[in-house]
Amino acid sequence: MYVTGLEAAFVSARIDAARALRASNPLHLYEVRDAHARGDCPYLRAGFCGEHLERPLGCRIFFCDKQLDVGGSNWQSDLYETLHSETIALHERLAIPYRYLDWREALAMVTKPADRA
Ligand code: SF4
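Residues numbered from 1 in each chain as written. Predicted model: local features only at pLDDT ≥ 70, side-chain atom pairs only at ≥ 80, totals over all residues. Heavy atoms only, no water.

Visitor: For this particular structure, what's the right way to read unusual backbone geometry?
Guide: Of note in the backbone geometry, alanine 23 takes a positive phi value of approximately 60° without being a glycine. Take alanine 23: it is sitting in the loop between α1 (5-21) and α2 (29-38). Within the chain, alanine 46 stands out as a residue other than glycine whose phi angle is a positive 50°. Following the sequence through the fold, alanine 46 ends up in the loop between β2 (44-45) and β3 (48-49). (Helix = DSSP H or I, 4+ residues; strand = E, 2+ residues; numbered from the N terminus.)

Have a look at this one:
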């Protein structure tokens, strides 16, 4: 799963805010590293997304259910490409360098220094 730098910063900040409202700790860097080593996501909880309301674009669009592959229309990829193009345009409009990277790598970059223990 890949995200842009802007998307990672935005989603991470929203997840941290949602966690603060639930009196949960923000994500720690060791959780990101552990997830990377396992090959999954640090927000995965018992087989489900622990941050479903705030998840990134790719997580919102792609489904593993073959029944959603309507006649091989490739609608998921088409929708993703459309919205990804809008995200790139947002990077340009805000003069934020565009990067497209692995979700866990991006999370490691935006994890606040205070939460890196
Ligand atoms: S849906 Fe996305 S954010 Fe949620 S656990 Fe899966 S990869 Fe992580």
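Visitor: In this structure, what is going on with helix α4 (residues 75-93)? I would like to understand it.
Guide: At 3.6 residues per turn, the α-helix brings residues three or four places apart onto the same side. Spanning 19 residues, α4 covers 27 Å between terminal C-alpha atoms, matching the ideal 27 Å at 1.5 Å per step. For α4, the full list of buried residues reads Gln76, Tyr80, His84, Thr87 and His91. Here the buried residues of α4 occupy an arc of 55° about the axis, which is enough to place them on one side. Of the exposed residues in α4, those oriented more than 90 degrees away from the buried face are Glu86, Glu92 and Arg93. Against β1 (2-4), α1, α3 (57-61) and β4 (100-102) lie the buried residues of α4. Downstream of α4 by a residue or two, alanine 95 has a phi angle that is positive, lying close to 55°. (Expected span 1.5 Å × (residues − 1). Buried < 20%, exposed > 50% of the residue type's maximum accessible area, 1.4 Å probe, protein only. Arc of directions from axis to C-beta. Contact = heavy atoms within 4.5 Å.)

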